[in-house]
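So you can see what is in the structure, the chains are spelled out below.
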Amino acid sequence: MQLIAKLGILADAAKYDASCASSGAPKRSSRGRDGLGATDGMGICHSYTPDGRCVSLLKVLLTNFCLYDCQYCVNRRSSNVPRARFTPEEVVRLTLDFYRRNCISGLFLSSGIIRSADYTMEQLIRVARLLREEHQFRGYIHLKTIPDADPLLIEEAGRLADRLSVNIELSSEVSLKRLAPEKRLTTIRQAMGTIHHGQQAVAGEPRAPRFAPAGQSTQVIVGADATDDHAILSNAESLYQGYGLRRVYYSAFSPIPDSPASVPLAAPPLLREHRLYQADFLMRGYGYKAGELLGKTANLDLDIDPKLAWALANREVFPLDLNRAEPALLARIPGIGLRSVQRLVALRRERRIRYDDLVQMRCVLEKARPFIVTSDYRPADAQMRSGLLRARLRDPQRPVQMGLWA
């Protein structure tokens, strides 16, 4: 098969994996020294670093042949799709060619399971080793880790790649047994533990070799089973706390050709995926707990964002006096973000906060007004019932295309 034909198949097969963002990669440069590639330049594709730089990645599978029969996966053993396989040398050639043409800044490499987990992991590592050691490639490398692989292989991958990821995919052991019988949550978490241990071993040791310096990530598929948002977010919270994950990515299940009866025929609302990302951001950046965001409900509200939902469920906390409240509470006001909180705290050291100050900071006042008090403003609707306030503040309903069998 022609190399370009393989690329068409294996790049398309990789599109379902969302956990390929390169945030957190250390800056490296080849200026003034031997080697090829840099991670601090501007790219042209769709992954972004925390400081806003756009970086491009060649996102591809080593092969879409797979011994596993995960029912939600287009590359499952029983799927009737065109198959292809790269050699490690072909992936290296593509990566270097695309880099020299200024098309990419790095590589995201995953694979179906071929022969065995160890053999597959060895092939992925060979690509990274050839790039790093033979071609002195200093660009970004993200390797998908095979959970059942030998821990020594995972450790070797961590010494070569910037980021490793182990996809947990389904948060329930019951769902994994039903939809992905070859996978186990225990082995997935063991692989995460191996990566986390490798990171901790070099932490604070400036002379130690780097080990996955951009951290590890995972992906959760939303809507392929009956798992609710409460279980998904609680599981994500435990992963952040237990394994120091950099990110959990949420991917709405996408119906695949010739789908088996064990998975849904329709995709879940994309808004559900969006709400999970919003809730995840609140857990990582604002200190919310999964239990706070959901309370006794199973799923996040689709018509209002999680921060507003929490504020409406905790009306006794509000309205907050912006001149007196603790910064941690200010950050829980809908429509006021962390950067605005920092500005408010700095400003109130100089003088009292006024309503116009929020206008100047471009806070989302439509959402913030019922929950704040300033030196010249007190909300008239502070006593409005939460149900009425919710109806007024909810996101506008977007038109939805009707389904053929709706």
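Within an unreviewed UniProt entry, the label attached to the protein reads DNA modification/repair radical SAM protein, and the organism entered is Pseudomonas marvdashtae. In its Cofactor (unreviewed entry) section, UniProt records this for the protein: "[4Fe-4S] cluster".

Caption draft 1: Fine view of the overall build of the protein. Broken down by element type, the protein carries 15 helices and 10 strands. With 406 residues in all, the protein has 53% of them scored as buried. Put simply, 68% of the contacts in the protein that link residues at least 6 apart link residues at least 24 apart. Summed over all atoms, the accessible surface of the protein reaches about 19900 Å², with 52% contributed by carbon and sulfur.

Caption draft 2: Main features of the confidence of the model for the protein. Per-chain confidence: the protein averages 86 in pLDDT, with 88% of residues scoring 70 or above. Considering only residues more than four positions removed or in separate chains, one finds that residues 22–34, a stretch of pLDDT under 50, has 44 contacts. Every residue in residues 36–46 scores below 50 in pLDDT, and together they form 51 contacts with partners more than four places removed in sequence or on other chains.

Caption draft 3: Geometry of the packing of aromatic side chains. In the structure shown here, the tally under the stated rule is seven aromatic pairs. Taking 5.1 Å as the distance between ring centres and 70 degrees as the angle between the ring planes, the aromatic pair formed by Phe318 and Phe371 counts as edge-to-face. Remark: Phe371 occurs in the loop between helix 14 (365–368) and strand 10 (372–373) and Phe318 occurs in the loop between helix 10 (306–313) and strand 9 (320–321); sequence separation between them is 53 residues. On the basis of relative accessible area, Phe371 is assigned to the buried category, the value being 0%.

Caption draft 4: Main features of the pattern of salt bridges. Evaluated as defined, the whole model comprises 15 salt bridges. The salt bridge involving Arg93 is made with Asp97; its shortest N-O contact spans 3.9 Å. With Arg93 and Asp97 both in helix 2 (residues 88–100) and four residues apart, this pair spans about one turn of that helix. A residue is classified by how much of its surface remains accessible, and Asp97, at 27% relative accessible area, is partly exposed. The closest approach of N and O atoms between Asp303 and Arg390, which form a salt bridge, is 2.8 Å. You can see Asp303 sitting in the loop between helix 9 (290–294) and helix 10 and its partner Arg390 sitting in helix 15 (residues 386–393), a full 87 residues away along the chain. The class of Asp303 is buried, set by a relative accessible area of 17%.

Caption draft 5: Structural detail: the side chain of Arg272. Locating Arg272 in the fold gives a position in helix 8 (residues 270–286). Since its relative accessible area comes to 13%, Arg272 is described here as buried. Ignoring any residue separated from it by four or fewer positions in sequence, one finds Arg272 in contact with Val222, Gly223, Thr227, Asp228, Asp229, Ile232, Asn299 and Leu302.

Caption draft 6: Expanded view of the nonpolar core. Ranked by internal contacts, the top residues of the largest apolar core, which has 109 residues, are Tyr72, Phe86, Leu109, Leu233, Tyr250, Ile333 and Phe371. Among the elements that make up this core, the one with the highest residue count is helix 3 (residues 117–134) (eight residues). Ignoring any residue separated from it by four or fewer positions in sequence, one finds Phe371 in contact with Leu308, Ala311, Leu312, Arg315, Phe318, Pro319, Leu320, Ile333, Pro334, Leu389 and Leu393.

Caption draft 7: The arrangement of a negative patch on the surface in detail. Together, Asp118, Glu122, Asp148 and Asp150 make up a region of like negative charge exposed at the surface. We classify Asp118 as partly exposed; its relative accessible area is 30%.

Caption draft 8: Region of interest: the sheet that holds strand 7 (residues 216–222). Spatially, six strands are ordered 3-4-5-6-7-8 in an open sheet, and the strand pairing comes out parallel. Every interior strand has two partners, whereas the edge strands, strand 3 (57–61) and strand 8 (247–252), have only one. Recorded for the sheet is a direction-independent mean angle of 20 degrees between the axes of neighbouring strands. Examined bridge by bridge, strand 7 and strand 8 share six bridges and lie parallel to one another. Within strand 8, the position partnered with Gln219 by the bridge is Tyr249.

Caption draft 9: Region of the structure containing the pairing of strand 8. Strand 8 sits mainly inside the fold: six of its six residues count as buried. The alternating pattern of strand 8 places Arg247, Tyr249 and Ser251 and Val248, Tyr250 and Ala252 on opposite faces, both of which are buried. Running through helix 7 (residues 229–243), the crossover from strand 7 to the neighbouring parallel element strand 8 is right-handed.

Caption draft 10: The arrangement of unusual backbone geometry in detail. The linkage connecting Phe318 with the following residue, Pro319, adopts the cis geometry, with an omega of 0 degrees. For Ala212, which is not a glycine, the phi torsion comes out positive at approximately 40 degrees. Classification of Ala212 by relative accessible area gives buried; the value is 1%. Although it is not a glycine, Arg362 sits at a positive phi angle of roughly 60 degrees.

Caption draft 11: Structural detail: the pairing of strand 7. Within strand 7, seven of the seven residues are buried, which leaves it mostly tucked inside the rest of the structure. Residues of strand 7 alternate between two faces, with Gln216, Thr218, Val220 and Val222 on one and Ser217, Gln219 and Ile221 on the opposite face, all of them buried. In terms of strand pairing, strand 6 (residues 163–165) meets strand 7 through two bridges, oriented parallel. Its bridge partner lying in strand 7, Leu164 is registered against Gln216.

Caption draft 12: Focus on helix 2. Taking 1.5 Å per residue as the helical rise, helix 2 with its 13 residues ought to reach 18 Å, and the 19 Å between its terminal C-alpha atoms agrees with that figure. Here helix 2 has its buried residues at Pro88, Val91, Val92, Leu94, Thr95 and Leu96. In the core, the buried residues of helix 2 are packed alongside helix 1 (3–13), strand 3, strand 4 (106–110) and helix 3. Positive backbone phi, at 60 degrees, marks Asn102, one or two positions downstream of helix 2.

The rules behind each value
- Residues numbered from 1 in each chain as written.
- Predicted model: local features only at pLDDT ≥ 70, side-chain atom pairs only at ≥ 80, totals over all residues.
- Heavy atoms only, no water.
- UniProt positions renumbered as here; feature names shortened; annotations may be inferred.
- Helix = DSSP H or I, 4+ residues; strand = E, 2+ residues; numbered from the N terminus.
- Buried < 20%, exposed > 50% of the residue type's maximum accessible area, 1.4 Å probe, protein only.
- Contact = heavy atoms within 4.5 Å.
- Areas by Shrake-Rupley, 256 points an atom, 1.4 Å probe, with all protein chains shown as cover.
- pLDDT = per-residue confidence, 0-100.
- Phe/Tyr/Trp six-rings, centres within 6.5 Å; stacked < 30°, edge-to-face > 60°.
- Salt bridge = Lys/Arg side-chain N within 4 Å of Asp/Glu carboxyl O.
- Core = buried A, V, L, I, M, F, W, Y, C linked by side-chain atoms within 4.5 Å.
- Patch = residues over 30% accessible without salt bridge, like charges linked within 9 Å, V, L, I, M, F, W, Y side chains within 5 Å.
- Lys, Arg positive; Asp, Glu negative; His and termini not counted.
- Charge placed at Lys NZ, Arg CZ, Asp CG, Glu CD.
- Pairing = 2+ DSSP bridges.
- Axes fitted to C-alpha atoms, helices over the stretch in contact; angles between N-to-C directions.
- Right-handed = clockwise from strand over helix to strand, strands pointing away.
- Expected span 1.5 Å × (residues − 1).

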